[in-house]
Amino acid sequence: MPEKDIVAAIKKYLASLGSDVFFWKEWGGPYGTSGVPDIICCCKGRFLGLEVKQPKGRLTELQKRAIEKINAAGGIACRVESVEDVKCVIEQADREVLPIQKNSTQGAARRPRIPLVYICSPYRGDIETNVHHARAYCSLAASQGCIPFAPHLLFMQFLDDNCTDERMLGMYMGAEMLRLCDELWTFGEPSEGMTAEIELARRIGIPVRRHDMKGQVIDDE
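The following paragraphs examine the structure supplied in this document. The shown structure was predicted, so the numbers you read here are calculated from the model rather than taken from an experiment.

## A closer look at the pattern of salt bridges
- This model, assessed by the stated rule, comprises 10 salt bridges.
- Residue D219 is joined to R210 by a salt bridge in which the shortest nitrogen-to-oxygen separation is 2.8 Å.
- You can call D219 partly exposed: its relative accessible area is 26%.
- You can call R210 partly exposed: its relative accessible area is 32%.

Okay, here's the thing in structure tokens:
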């Protein structure tokens, strides 16, 4: 589907939400602002920036920076490819609690200054070896001044990966944590679960850094 048709479908959906939503389409060209998301939206008091892309489309550096700045300022900005993606963004906005400034000297809660990195590496198969590798990848991220988060090291302490319901719960919690991270680092050939995490990161505008199994950087997206 052409990008303009995706934009039209999203605008039609947002219009159907009535007074809960105010939005406009940011136009490119000499009278627009480079990098600003395609659709700017206020939904139930939350600021949303929706950068519309086709599945194989890539974010420009200006678009990535705009998304990062909006999220850092307390709004929600991300890449979307369909009406379903927009519905997920609005559901996320509904779940989040707006920060409250208690007084003039104590501001709203702020994100850590140290980058939070989502560690995306294999788990199933040779679990013992894969856990050993995941620990090494966390150590690598920490040595580079980042806070690593490896869901398969944490969640498997209390969830059974062989139980479908518990595995799905782990994947859901991992997806929610990914939305809070600054980057996603992948290691090795992506498994099915890793592929889902990578695709989510791309949709919501989180940079993806690919590594080989030895931790050497292959490329950045």
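## Examining the nonpolar core
- Of all hydrophobic cores here, the largest spans 35 residues; its most connected members are I10, L14, L48, L50, V80, V86 and L184.
- Secondary structure elements with two or more residues in this core: α1 (3-15), β2 (39-43), β3 (46-52), β4 (76-80), α3 (83-95), β5 (116-120) and α7 (192-203).
- Per element, the largest residue contribution to this core is five residues, and it comes from α1.
- With residues up to four places along the chain from it excluded, the contact list for L48 reads I39, I40, C41, C43, I76, V89, I90 and A93.

## Some thoughts on the sheet that holds β5
- In space, the five strands of this open sheet follow the order β6-β5-β7-β8-β9, with mixed pairing throughout. Two strands in the sheet have a free side with no partner beyond their single neighbour: β6 (147-149) and β9 (217-220). Each strand of the sheet is rotated relative to its neighbour by a mean of 25°, with strand direction disregarded.
- Two strands pair when backbone bridges link them, and β5 and β6 are joined in this way by three bridges, in the parallel orientation. Bridge pairing links V117 to P148 in β6.

## Things to note about the layout of surface pockets
- Looking at the second largest pocket, its volume works out to about 710 Å³.
- Lining the second largest pocket are 37 residues, and of these Y118, M171, A175, G193 and E197 sit closest to its centre.
- Contributing elements (two or more residues each) for the lining of the second largest pocket: β4, α3, β5, α5 (151-154), α6 (164-178) and α7.
- By residue class, the composition of the lining of the second largest pocket is 18 nonpolar, seven polar and 12 charged.

Procedures and definitions
Residues numbered from 1 in each chain as written. Predicted model: local features only at pLDDT ≥ 70, side-chain atom pairs only at ≥ 80, totals over all residues. Heavy atoms only, no water. Salt bridge = Lys/Arg side-chain N within 4 Å of Asp/Glu carboxyl O. Buried < 20%, exposed > 50% of the residue type's maximum accessible area, 1.4 Å probe, protein only. Core = buried A, V, L, I, M, F, W, Y, C linked by side-chain atoms within 4.5 Å. Helix = DSSP H or I, 4+ residues; strand = E, 2+ residues; numbered from the N terminus. Contact = heavy atoms within 4.5 Å. Pairing = 2+ DSSP bridges. Axes fitted to C-alpha atoms, helices over the stretch in contact; angles between N-to-C directions. 1 Å grid on protein atoms, 1.4 Å probe; cavity = no way out; pocket = protein on both sides within 12 Å on 5 of 7 lines; lining within 4 Å. Points joined across faces, edges and corners; volume = space filled by probe spheres on them. Nonpolar A, V, L, I, M, F, W, Y, C, P; charged D, E, K, R; others polar.

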